[in-house]
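Chain residues, written in single-letter form:
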Amino acid sequence: MQYSVLLATDLDRLIQALRAEGYQVMGPTLRDQAIIYDEIHSVAELPKGWGDEQEKAHYRLKQREDGAYFGYAAGPHSWKKFLQRPRRPVWRAQKSEDSLQIVAAVETVPAMAFLGVRSCELHAIATQDRVFTGDQYRNDSYSERRAKLFIVAVNCTTAAATCFCTSMHTGPQVTLPCDLEMTEVIDDAEHFFLLRSGSAGGERILQQLPLHAAAQRHHVLAQSAVSNAVRQMEQGPRNFDSSDLQALLYRNYDSVSWDQVADRCLSCANCTMACPTCFCSTVEDTTDLSGDHAERWERWDSCFTGDFSYISGGAVRADTRSRYRQWMTHKLATWYDQFGSSGCVGCGRCIAWCPVGIDITEEVQSIREAEKR
Amino acid sequence: MVPDIYRIASRTEEFPGTCTLGITPHSGGRAGNFSAGQFNMLYAFGAGEVAISMSGSAQDGTYIHTIRSQGLATQALHRLREGEFLGVRGPFGSGWPMEQVAGRHLLIVAGGLGMAPLRPVIYSLLEGKTQPSSAQLFYGARRPQEMLYTGELQRWQQALKVVTTVDHAETEWPGQIGVITKPLGAATLDAENTVVFLCGPEVMMRFCIQVLLGKGVSADAIYLSMERNMKCAIGHCGHCQWGPNFICKDGPVFRYGDIRAWFDIRAL
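Residues numbered from 1 in each chain as written. Chains lettered and ligands numbered in written order. Predicted model: local features only at pLDDT ≥ 70, side-chain atom pairs only at ≥ 80, totals over all residues. Heavy atoms only, no water.

1. What to know about the overall build of chain B
Consideration 1: Each helix and strand in chain B was counted, giving seven helices and 15 strands.
Consideration 2: A compact globule built from 268 residues should have a C-alpha radius of gyration of about 18 Å, and chain B, at 18 Å, falls within 12% of that.
Consideration 3: A buried classification covers 59% of the 268 residues belonging to chain B.
Consideration 4: Restricting to contacts in chain B with at least 6 residues of sequence separation, those with at least 24 account for 69%. (Helix = DSSP H or I, 4+ residues; strand = E, 2+ residues; numbered from the N terminus. Rg over C-alpha atoms; globule rule 2.2 N^0.38 Å. Buried < 20%, exposed > 50% of the residue type's maximum accessible area, 1.4 Å probe, protein only. Contact = heavy atoms within 4.5 Å.)

Below, the structure is given as structure tokens:
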């Protein structure tokens, strides 16, 4: 594989090349004291020199001393919001005396380039691909956005305490297909990106950049930077064996653990909103005041709401215990049956953004312990 | 997926709050090809969509749906009159395994509105398309007035033995009173050669299955139809998940032997 070196001072050239190719470039920005993915126009909007500190129910930005562009871990938003829209029109209907017409909502779908997709996030996108495009029916909105997507993946060189991709085998080294893959390297003397293309489109962008030949030392530095993230996770608090999760959860629908977590869980749905793979949605049907025009909108939904499982007679999952059990068992167990992989990519968002600090990795442990008793 | 527009060709009030609509394509769509046990998503203008099972014959170019007015969407569907329009997506889901029926004893067990998705099976018997060695219907309802398709029961006797029971009745009710498990338990069955199609409230299905297993019917010979909240019917919205299953695409008809582990978990 052909690797090249892009100096950090030339990073803007990459953004401008993508923009010149017609892509709307989406990347990390600083907003509301968090790293938020949004449209970016130049390198000036990237969170240069910012990292983060994450723990259960805790997220704080932290100034780094090294001026890294991608020195942060997963923030509250994921790329999901650009592919599976949080809210989107599905159809419009019109009624008259002698007919009814229903017309699909037409979207202008932009060609987007995601800058800074981490390995766990590539896995999350691949996971949603299987949900929305992998079976008999496709989600057209998602499919079109996905088909036009250009992905610049970035290997992680720092892990937050909430990260556990090594346990889920989803990172930190990028292994899934992407258009460009880069590793940011900063040492005493230099700040550069080691990069390669993974597609014809990626190659076309590379050709427009002021690249330098990659020497052995560039590779060594890049590899050591990624190893740093691996080491942080392996020595961190959330390193565990995930190989038996499906069987473990299938055995433990009646675990006392569910009662304990239900005592703390607020059923607030934050974990499902922050999760990059949670795909559930609901629809809203409305009419205007004339009563002749109706619309259907789709929006994100969560298995933590009471409405979610409502059927005639009441909600099937009436209590928090059954809702948390559904969420976690789906994520770590039934997902394998449905889509052939885990639904969890180990990004840790649900841990940081749970207002009461429920930690999915701790809950796994708790179920394990309860089973032994 | 945008619904096709259908027109209401016929409307019968089965009993107050429950009607049966016959709908034909107005623009787009072609009613017809479906398997007994499948369902459509019916859209009432501006009010919402709801999964309603097929209740007619698979042959006659019309979809027949029986709807109980319950939530916003079903209330709006129930208000529709002949000549009015609705949206239809479908058919979706797995059907009853009609290929299992030939040469075996078919036992149909229905509770309340659960009769609706089983009627196409009975039509298939009447039309001679499915030929069991013998067939029986056990049909329970809350009250005689809430029994569906009563005008047809007599004709059904040509194809199968019909046993009805109601939970409550006035003195003039000639049939049985009590839950369906009672006559079901008293039935004589060639357990090894029986296939069961079961649909009704979950608690009713639970007890019927106990009776059937007790009579020696194999878990793999019992098929049942499940209901869960459903928004998309195409496996994307996540609402109808039931353990690893999506009711919309893996069901709604399941073989009990395949899902018994899930069926026994409450609030799944």
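2. Some remarks on the domain arrangement of chain A
Residue and element names in this part refer to chain A.
Consideration 1: Under the domain assignment used here, chain A contains domain 1 (4–234) and domain 2 (245–372).
Consideration 2: Placing the centre of domain 1 and that of domain 2 at their C-alpha centroids yields a distance of 25 Å.
Consideration 3: Listed as interface residues are 42 residues of domain 1 and, on the opposing side, 45 residues of domain 2.
Consideration 4: Buried surface at the junction of domain 1 and domain 2, summed over both partners, amounts to about 3,600 Å²; 58% is from carbon and sulfur atoms.
Consideration 5: Contact with domain 2 buries area across many residues of domain 1, yet K56, K80 and F164 alone supply 16% of it, more than any other trio.
Consideration 6: Inspection of the region where domain 1 meets domain 2 yields five salt bridges.
Consideration 7: Residue R87 is joined to E284 by a salt bridge in which the shortest nitrogen-to-oxygen separation is 2.9 Å. (Domains from an automatic or database assignment. Buried area = accessible area lost by both parts, 1.4 Å probe. Salt bridge = Lys/Arg side-chain N within 4 Å of Asp/Glu carboxyl O.)

3. Comments concerning the interface of chain A and chain B
Consideration 1: Across the contact, 49 residues belong to chain A and 38 residues belong to chain B.
Consideration 2: Approximately 3,400 Å² of surface area, both sides summed, lies buried where chain A meets chain B, with 61% of it carried by carbon and sulfur atoms.
Consideration 3: When residues of chain A are sorted by the area they lose upon contact with chain B, A:W91, A:L100 and A:Y137 head the list and together hold 18% of the total.
Consideration 4: In this structure, the connection of chain A to chain B is made through two salt bridges.
Consideration 5: The tally of links from chain A across to chain B stands at 19 residue pairs in polar contact (both at pLDDT 80 or more).
Consideration 6: Residue assignment for the side of chain A that touches chain B shows that the elements contributing at least two residues are strand 6 (87–96), strand 7 (99–104), helix 3 (119–133), strand 13 (281–287), strand 14 (293–300), strand 15 (310–311) and helix 11 (320–339) of chain A.
Consideration 7: The biggest single contributor to the side of chain A that touches chain B is helix 11 of chain A, with eight residues. (Polar contact = N/O pair within 3.5 Å; in protein donor to acceptor, adjacent residues only side chain to side chain.)

4. Some thoughts on the UniProt feature "binding site: [2Fe-2S] cluster" (unreviewed entry) in chain B
Residue and element names in this part refer to chain B.
Consideration 1: In the numbering adopted here, UniProt assigns the feature "binding site: [2Fe-2S] cluster" (unreviewed entry) to C232, C237, C240 and C248. Taken along the chain, the residues just named run across 17 residues; in space they keep tight, none of their C-alpha pairs more than 10.2 Å apart.
Consideration 2: Within the fold, C232 resides in the loop between strand 12 (222–225) and strand 13 (241–242).
Consideration 3: Residue classification places C232 among the buried residues on the basis of a relative accessible area of 13%.
Consideration 4: Excluding residues within four positions of it along the chain, C232 makes contact with R89 and C237.
Consideration 5: If we skip the residues at most four places from it in the chain, C248 touches F39, F92, G93, M230, A233, I234, G235 and C240. (UniProt positions renumbered as here; feature names shortened; annotations may be inferred.)

5. Describing the side chain of A:T282
Consideration 1: Residue position: A:T282 is located in strand 13.
Consideration 2: On the basis of relative accessibility, which here comes to 7%, the residue A:T282 falls in the buried class.
Consideration 3: Aside from chain neighbours lying at most four places away, what touches A:T282 is A:W297, A:E298, A:R299, A:D301, B:K231 and B:H239.

6. Focus on the environment of A:W50
All names here are of chain A.
Consideration 1: As for its placement among the helices and strands, W50 is situated in strand 4 (residues 50–55).
Consideration 2: Along the chain, W50 and D254 lie 204 residues apart, while their C-alpha atoms are 44 Å from each other.
Consideration 3: What W50 contacts, discounting residues up to four positions off in sequence, is L30, L61, K62, Q63, R64, A68, G71 and Y72.

7. Here we look at unusual backbone geometry
Consideration 1: Following B:G90, the chain continues to B:P91 via a peptide bond in cis, the omega torsion being -5 degrees.
Consideration 2: Relative to the assigned elements, B:P91 resides in strand 6 (residues 85–92).
Consideration 3: Residue B:G251 is joined to B:P252 through a cis peptide bond whose omega torsion reads 10 degrees.
Consideration 4: Within the secondary structure, B:P252 is located in the loop between helix 6 (247–250) and strand 15 (253–255).
Consideration 5: Backbone geometry at A:D32 places phi at a positive 50 degrees, although glycine is not the residue there.
Consideration 6: Note that A:D32 resides in the loop between strand 2 (24–31) and strand 3 (34–39).
Consideration 7: On the basis of relative accessible area, A:D32 is assigned to the exposed category, the value being 68%.
Consideration 8: Positive phi values are uncommon outside glycine, yet A:A57 reaches one of about 55 degrees.
Consideration 9: The class for A:A57 is partly exposed, based on a relative accessible area of 38%.

8. Looking at helix 2 (residues 119–126) of chain B
All names here are of chain B.
Consideration 1: For helix 2, a buried count of seven out of eight residues is recorded, marking the element as mostly surrounded by other parts of the structure.
Consideration 2: When we look at burial in helix 2, the residues that qualify are R119, P120, V121, I122, Y123, S124 and L125.
Consideration 3: Two residues or fewer past helix 2, G128 is found with a positive phi of approximately 75 degrees.

9. A closer look at the side chain of A:H123
Residues and elements named next belong to chain A.
Consideration 1: Tracing the backbone through its elements, the reader meets H123 in helix 3.
Consideration 2: Residue classification places H123 among the buried residues on the basis of a relative accessible area of 17%.
Consideration 3: Excluding anything up to four places from it in sequence, H123 contacts H169, T170, T175, L176 and V345.

10. Quick look at the packing of helix 9 (residues 257–264) of chain A against helix 11 of chain A
Helix-helix packing is described using two parameters, namely the angle between the two axes and the distance between the axes.
Residue and element names in this part refer to chain A.
Consideration 1: Look at helix 9 against helix 11: their axes get within 8 Å of each other, and the N-to-C directions meet at 110 degrees. Relative to helix 11, the element helix 9 lies roughly perpendicular. Side by side, helix 9 and helix 11 meet where W258, D259, V261 and A262 of the first sit next to T320, R321, Y324, R325, M328 and T329 of the second.
Consideration 2: When the residues that make up the contact of helix 9 with helix 11 are grouped by side-chain class, the tally is five nonpolar, two polar and three charged. (Axes fitted to C-alpha atoms, helices over the stretch in contact; angles between N-to-C directions. Parallel < 35°, antiparallel > 145°, perpendicular 65-115°, else oblique. Nonpolar A, V, L, I, M, F, W, Y, C, P; charged D, E, K, R; others polar.)

11. A closer look at the sheet that holds strand 8 (residues 112–117) of chain A
Residues and elements named next belong to chain A.
Consideration 1: In space, the eight strands of this open sheet follow the order 3-2-8-9-10-11-1-12, with mixed pairing throughout. Either end of the sheet is taken by a strand with one partner, and the two such strands are strand 3 and strand 12 (212–213).
Consideration 2: Pairing analysis gives four bridges linking strand 1 (residues 4–7) to strand 11 (residues 191–197), with the strands arranged antiparallel. Within the sheet, the bridge partner assigned to V5 lies in strand 11 and is L194. (Pairing = 2+ DSSP bridges.)

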